[in-house]
Amino acid sequence: MPVFVKKLLLWGFVAFLIYFMAFRPDGAAQLFRGIGAALMAIAQGLGDFLTGVMS
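Residues numbered from 1 in each chain as written. Predicted model: local features only at pLDDT ≥ 70, side-chain atom pairs only at ≥ 80, totals over all residues. Heavy atoms only, no water.

(A) Representation of the overall build of the protein in the model. Secondary structure assignment for the protein yields two helices and zero strands. In terms of overall dimensions, the protein is more spread out than a globule: its C-alpha atoms have a radius of gyration of 18 Å, far above the 10 Å expected for 55 residues. In terms of overall dimensions, the protein has C-alpha extents of about 50 × 35 × 10 Å along its principal axes. Evaluated residue by residue, the protein yields a buried proportion of 5% over its 55 residues. (Helix = DSSP H or I, 4+ residues; strand = E, 2+ residues; numbered from the N terminus. Rg over C-alpha atoms; globule rule 2.2 N^0.38 Å. Buried < 20%, exposed > 50% of the residue type's maximum accessible area, 1.4 Å probe, protein only.)

(B) Just the packing of helix H1 (residues 3–23) against helix H2 (residues 25–54), in detail. Packing of H1 against H2 brings their axes to within 5 Å, and their N-to-C directions diverge by 115°. On H2, the residues that touch Phe 20, Met 21, Ala 22 and Phe 23 of H1 are Pro 25, Gly 27, Ala 28, Leu 31 and Phe 32. Its residues assigned to classes, the contact of H1 with H2 shows eight nonpolar, one polar and no charged. (Axes fitted to C-alpha atoms, helices over the stretch in contact; angles between N-to-C directions. Contact = heavy atoms within 4.5 Å. Nonpolar A, V, L, I, M, F, W, Y, C, P; charged D, E, K, R; others polar.)

(C) Spotlight on a nonpolar patch on the surface. Nonpolar side chains collect at one region of the surface, where Leu 10, Trp 11, Phe 13, Val 14, Ile 18, Met 21, Leu 31, Phe 32, Ile 35, Leu 39 and Ile 42 lie side by side and expose about 1100 Å² of accessible area between them. When residues of the nonpolar patch are assigned to their parent elements, the largest contribution, six residues, is made by H1. Within the secondary structure, Leu 10 is located in helix H1. (Patch = residues over 30% accessible without salt bridge, like charges linked within 9 Å, V, L, I, M, F, W, Y side chains within 5 Å. Areas by Shrake-Rupley, 256 points an atom, 1.4 Å probe, with all protein chains shown as cover. Salt bridge = Lys/Arg side-chain N within 4 Å of Asp/Glu carboxyl O.)

(D) Representation of the packing of aromatic side chains within the structure. Here the structure, examined in full by the defined rule, presents two aromatic pairs. Consider the rings of Phe 16 and Phe 20, whose centres lie 5.8 Å apart with planes at 10°: the pair is stacked. Of the two residues, Phe 16 and Phe 20 both sit in helix H1, four residues apart, roughly one turn of that helix. The exposure class assigned to Phe 16 is partly exposed, which follows from its relative accessible area of 48%. Residue classification places Phe 20 among the buried positions, given a relative accessible area of 17%. With 4.9 Å between their ring centres and 45° between their planes, Tyr 19 and Phe 23 make a pair best called tilted. Placement of the pair is Tyr 19 and Phe 23 together in helix H1, with a separation of four residues, close to one helical turn. (Phe/Tyr/Trp six-rings, centres within 6.5 Å; stacked < 30°, edge-to-face > 60°.)

In short, shape yes, function no, at least from these values alone.
See below:
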C-alpha cells in the first residue's frame, strides 16, 4: 500500500475518533471501557497460564 494511502487512512481514523468523542462521549466511553475490560481479561488469562506453567 502506498505511503500516501496509509497516511490518509490514519488521519481519517484520527479524525473519526475525535468526532466520535466530541459528539458521542457516552458511546466512546463505553467503547474504551469495553476495550479495557478485554485487555484485562487477556492479561488475567495470560497470568493464569504462566502461573499454571510455573507450578
